[in-house]
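Single-letter residue listing:
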Amino acid sequence: EHGLGGLARSFIQADRRYPLGYHHILENDLALRDFLDRLCLKDKVRWNNQKMVFHLDGEAYDLSSLSGFLGFPIGLRSKLQIVRVAAEAMFRATGEDLSQVDARSWLRTRVGTEAAEEFFERLSLIRFGQPTEQLSAAYLRSRLAAKEAVAHFGYIPGLDWTHELVRALGDRLQEQGVEVLKSASASAINVQGDRVVDVRLIDGRALAAHAVVNTVPPEQFLQLMAGYPCPLVGGIEYSSLFSMV
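This is a predicted model, so every value here is computed, not measured.

J.: How should the packing of helix 4 (residues 103–110) against helix 5 (residues 113–127) be read in this particular structure?
T.: Helix-helix packing is characterised by the crossing angle of the two axes and by the distance between the axes. Contact pair helix 4 / helix 5: the axes reach a minimum separation of 7 Å and the direction vectors enclose 130°. When the axes of helix 4 and helix 5 are compared, the pair comes out oblique. Once helix 4 is placed against helix 5, the crossing between them reads as right-handed. Touching Arg104, Leu107 and Arg108 of helix 4 are Thr113, Ala116, Glu117, Phe120 and Glu121, all from helix 5. Of the residues contributing to the contact of helix 4 with helix 5, the split by class is 3 nonpolar, 1 polar and 4 charged.

J.: Please explain the nonpolar core as it appears in this structure.
T.: Note on soluble globular proteins: their nonpolar side chains tend to be buried together. Within the largest apolar cluster, 24 residues are counted, with the highest numbers of intra-cluster contacts made by Phe72, Trp106 and Phe119. Those elements that provide at least two residues to this core are strand 5 (53–56), helix 3 (76–91), helix 4, helix 5 and helix 6 (137–145). Beyond its immediate sequence surroundings of up to four residues, Trp106 is in contact with Val85, Glu96, Leu98, Val101, Ala137, Leu140, Arg141 and Leu144. With 10 residues, the next largest nonpolar core counts Leu32, Leu36, Trp161 and Ala168 among its residues.

J.: Got a minute to help me understand the sheet that holds strand 7 (residues 152–155) in this structure?
T.: Sheets are built from strands that pair by backbone hydrogen bonding, the pairs being arranged parallel or antiparallel. The strand order across the open sheet formed by 3 strands is 3-7-4, and the pairing between neighbours is antiparallel. Either end of the sheet is taken by a strand with one partner, and the two such strands are strand 3 (25–26) and strand 4 (46–49). Summarising the sheet, strand 3 and strand 7 pair through 2 bridges and their orientation is antiparallel. Its bridge partner being in strand 7, Leu26 is matched across the sheet by Phe153.

J.: Help me understand a nonpolar patch on the surface in this model?
T.: Together, Leu4, Val178 and Val180 make up a nonpolar patch on the protein surface, roughly 190 Å² of accessible area in all. By the secondary structure assignment, Val180 is in the loop between helix 7 (161–175) and strand 8 (186–192).

J.: What exactly am I supposed to notice about the pairing of strand 7 here?
T.: Consecutive residues of a regular strand have side chains that alternate between opposite faces of the sheet. By the bridge criterion, 4 bridges tie strand 4 to strand 7 in an arrangement that is antiparallel. If you follow Arg46 over to strand 7, its bridge partner there is Tyr155.

J.: Help me understand the confidence of the model for the protein chain in this model?
T.: A low pLDDT means the predicted coordinates there should not be read in detail. In the predicted model, the protein chain carries a mean pLDDT of 85, and 94% of its residues have values of at least 70. The secondary-structure element of the protein chain with the lowest mean pLDDT is strand 12 (residues 242–244), recorded at 68, while helix 4 shows the highest, at 94.

J.: Explanation requested: the sheet that holds strand 8 in the structure shown.
T.: Strands sit in the order 8-9-10 across an open sheet of 3 strands; the sheet is antiparallel. Edge strands, defined here as strands with exactly one partner in the open sheet, are strand 8 and strand 10 (206–208). Between one strand axis and the next, the sheet turns by 25° as a mean value, whatever way the strands run. Both strand 8 and strand 9 (residues 195–201) contribute to a ladder of 6 bridges, which runs antiparallel. Within the sheet, the bridge partner assigned to Ala186 lies in strand 9 and is Leu201.

J.: How should I be thinking about helix 6 in this particular structure?
T.: In an α-helix, one full turn covers 3.6 residues, which means residues spaced three or four apart are oriented alike. Within the sequence span of helix 6, burial applies to Ala137, Leu140, Arg141 and Leu144. Along the long axis of helix 6, the arc covered by the buried residues comes to 100°, so they all point the same way. In this structure, the buried side of helix 6 is in contact with helix 3, helix 4 and helix 5. Residue Lys147 follows helix 6 closely and has a positive phi angle near 55°.

Parameters and conventions
- Residues numbered from 1 in each chain as written.
- Predicted model: local features only at pLDDT ≥ 70, side-chain atom pairs only at ≥ 80, totals over all residues.
- Heavy atoms only, no water.
- Axes fitted to C-alpha atoms, helices over the stretch in contact; angles between N-to-C directions.
- Helix = DSSP H or I, 4+ residues; strand = E, 2+ residues; numbered from the N terminus.
- Parallel < 35°, antiparallel > 145°, perpendicular 65-115°, else oblique.
- Left-handed = near helix turned anticlockwise from the far one by under 90°.
- Contact = heavy atoms within 4.5 Å.
- Nonpolar A, V, L, I, M, F, W, Y, C, P; charged D, E, K, R; others polar.
- Core = buried A, V, L, I, M, F, W, Y, C linked by side-chain atoms within 4.5 Å.
- Buried < 20%, exposed > 50% of the residue type's maximum accessible area, 1.4 Å probe, protein only.
- Pairing = 2+ DSSP bridges.
- Patch = residues over 30% accessible without salt bridge, like charges linked within 9 Å, V, L, I, M, F, W, Y side chains within 5 Å.
- Areas by Shrake-Rupley, 256 points an atom, 1.4 Å probe, with all protein chains shown as cover.
- Salt bridge = Lys/Arg side-chain N within 4 Å of Asp/Glu carboxyl O.
- pLDDT = per-residue confidence, 0-100.
- Arc of directions from axis to C-beta.

Now the structure itself:
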């Protein structure tokens, strides 16, 4: 990368700044709000009710309103199942291990075929660009628990908040004397026992650290960790990126 941010970066087109991905500040995302506060950005955030409108067969359904949800063209039983599963995710913890379950299979058992196919499948294609069978059930449940459909959304008026966050973080790192390497490609992650000892760059340099954080596709991670047994990583099927410390 030639700049900081990764998928949180943005670009300028016709004098306007656009984010690379769909990012938002949720009212109940306490970790992000704390991070914005530490970077002196929290006071700039404003909150707004944001509608989630679903256009289907020439009709618009505001899924953030009760009337819009009730008018959505699926059966009442399916709607009640959706409400039940969303309420369980928001208000009741579960000991169920969903990490190896795809969202489609989980939805069909929890809300029925109609709600899974006519409601969640369409939303998944719009929101993620992929079918629910490519999503983890654990991830989908976490999004329901976050109450995204009815939560207040934060924004910074007149600014792209992800750009401001990346810029402020870069300034803070520079103030702390941290050297940031841009356009530096890793060739290997070297491990002794169960600890990473250094990261090798393609120019031959070795970066030693007491902790390494990476966010890459699982197959690339396994290539960097050649020879190191990672059965859990090799079994990940539902994420294009994953993070590890």
